[in-house]
Amino acid sequence: MDEPITAKKITKDYYLVWVYDKSDQKVLKTTNEGKSGIVQIPETVFAVGFNENYIIAKRHPNLEEKISQNLFDSINEHGDYLIKNPSDTVYLSKDDKIYQENGKWYHTSNGWNPPDSLKPYKKITFYHIIDIKSKNGSSHVFLNESDYLKKRKELGIPKELNFTIIDKELQ
């Protein structure tokens with residue numbers, strides 16, 4: 001069965017795409033109307049602006065996968081999971097059991113229902129610029145707004161280029 005892909009054209013060969021859930025929104029470069037292509041900006045994109053030369057975007061990261069890898073990556077001889085970062089136990093279910101053995105912490109899992117707050121993780125915002133006029137569509141990512149604004153100025157991106165597609169729910 002095909003997955004229900006939703007694609008909204010941004011400009012040229014660039015689309016805002018998600019499957020099933022808008023928290024999966026990403027920017028894709030494609031030639032087939034957003035059905036497949038190369039991810040230019042990973043999930044969760046919540047704001048996009050564009051003109052004929054640039055795409056700007058803001059996104060929150062998906063920490064669900066990272067926390068899952070920390071919690072479920074390494075198994076001991078008893079079939080229990082090594083807890084690499086004890087602070088990640090805050091994301092475990094109250095039904096999960098943890099124990100310490102030989103100075104390391106482990107937990108037995110009954111499955112995982114990650115909290116909604118991990119995807120998207122709204123406490124972190126990344127800023128993106130895609131230079132669509134360049135031959136390879138060079139891309140820049142910034143961990144803070146200040147660095148993003150400096151690069152905008154350096155590239156000569158007009159001040160009037162603003163975020164015009166904004167998902168208030170994901171913001």
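Quick caveat: nothing in here was measured; it's all calculated off a predicted structure.

Colleague: Looking at this structure, I do not really get the overall build of the chain. What am I missing?
Modeller: In terms of helices and strands, the chain carries two helices and twelve strands. Structurally, the chain occupies a C-alpha span of about 60 × 45 × 30 Å along its principal axes. Residues classed as buried in the chain amount to 42% of the 171 residues present. Accessible surface, the chain: about 10400 Å² in total, of which carbon and sulfur atoms supply 48%. For the chain, the distance from the average position of its 25 positive side-chain charges to the average position of its 25 negative side-chain charges is 9 Å.

Colleague: Could you clarify how one ought to interpret the pairing of strand 6 (residues 54–59) in this entry?
Modeller: With respect to burial, strand 6 is a largely interior element, six of its six residues being buried. Bridge count for strand 5 (residues 45–50) against strand 6 is five bridges, and the pairing is antiparallel. Of the residues in strand 6, the one forming a bridge with Val 48 is Ala 57. Hairpin connection from strand 5 to strand 6: three residues lie between these consecutive antiparallel strands. In terms of strand pairing, strand 6 meets strand 10 (residues 126–131) through six bridges, oriented antiparallel. Bridge pairing links Ala 57 to His 128 in strand 10.

Colleague: Explain the pairing of strand 10 to me, please; I cannot follow it from the model alone.
Modeller: Of all six residues in strand 10, six are buried; the element is thus mostly enclosed. Both faces of strand 10 are covered, namely the face carrying Phe 126, His 128 and Ile 130 and the face carrying Tyr 127, Ile 129 and Asp 131. Pairing of strand 10 with strand 11 (residues 139–142), which is carried by four bridges, proceeds in the antiparallel orientation. Considered in strand 11, the bridge of Ile 130 is made with Ser 139.

Colleague: Explain the packing of aromatic side chains to me, please; I cannot follow it from the model alone.
Modeller: Two aromatic rings, taken as a pair, are described by how far apart their centres are and by the angle between their planes. A full pass over the atoms with the stated rule returns four aromatic pairs. Ring centres 5.7 Å apart and planes at 25° place the aromatic pair Tyr 99 and Tyr 106 in the stacked group. Its relative accessible area of 11% is what places Tyr 106 among the buried residues. Taken together, the aromatic side chains of Tyr 127, Phe 142, Tyr 148 and Phe 163 make up a single cluster linked through ring pairs. The side chain of Lys 58 reaches across the aromatic face of Phe 163, ending 4.9 Å from its centre.

Colleague: Would you explain the pattern of salt bridges in this entry?
Modeller: Once their charged atoms are close, side chains differing in charge can pair, the charge on each being opposite to the other. By the definition in use, this model includes five salt bridges. Salt-bridge contacts for Lys 119 lead to Glu 43; the nearest nitrogen and oxygen are separated by 3.7 Å. You can see Lys 119 sitting in the loop between strand 9 (104–108) and strand 10 and its partner Glu 43 sitting in the loop between strand 4 (38–41) and strand 5, a full 76 residues away along the chain. By sharing partners, the salt bridges in this structure join Asp 24, Glu 43 and Lys 119 into a single network.

Colleague: Looking at this structure, how should I read the sheet that holds strand 3 (residues 26–29)?
Modeller: Picture the strands of a sheet paired through backbone hydrogen bonds; they go either parallel or antiparallel. Strand order across the open sheet formed by four strands is 1-2-3-4, with antiparallel pairing between neighbours. Looking at strand neighbours, the two that pair on one side only are strand 1 (5–11) and strand 4, the edges of this open sheet. Recorded for the sheet is a direction-independent mean angle of 40° between the axes of neighbouring strands. Here strand 2 (residues 14–19) runs beside strand 3; their pairing, made up of four bridges, is antiparallel. Bridging from a neighbouring strand, Tyr 14 pairs with Lys 29 of strand 3.

Definitions and cut-offs
Residues numbered from 1 in each chain as written. Predicted model: local features only at pLDDT ≥ 70, side-chain atom pairs only at ≥ 80, totals over all residues. Heavy atoms only, no water. Helix = DSSP H or I, 4+ residues; strand = E, 2+ residues; numbered from the N terminus. Buried < 20%, exposed > 50% of the residue type's maximum accessible area, 1.4 Å probe, protein only. Areas by Shrake-Rupley, 256 points an atom, 1.4 Å probe, with all protein chains shown as cover. Lys, Arg positive; Asp, Glu negative; His and termini not counted. Charge placed at Lys NZ, Arg CZ, Asp CG, Glu CD. Pairing = 2+ DSSP bridges. Phe/Tyr/Trp six-rings, centres within 6.5 Å; stacked < 30°, edge-to-face > 60°. Lys NZ or Arg CZ within 6 Å of the ring centre and 35° of its normal. Salt bridge = Lys/Arg side-chain N within 4 Å of Asp/Glu carboxyl O. Axes fitted to C-alpha atoms, helices over the stretch in contact; angles between N-to-C directions.

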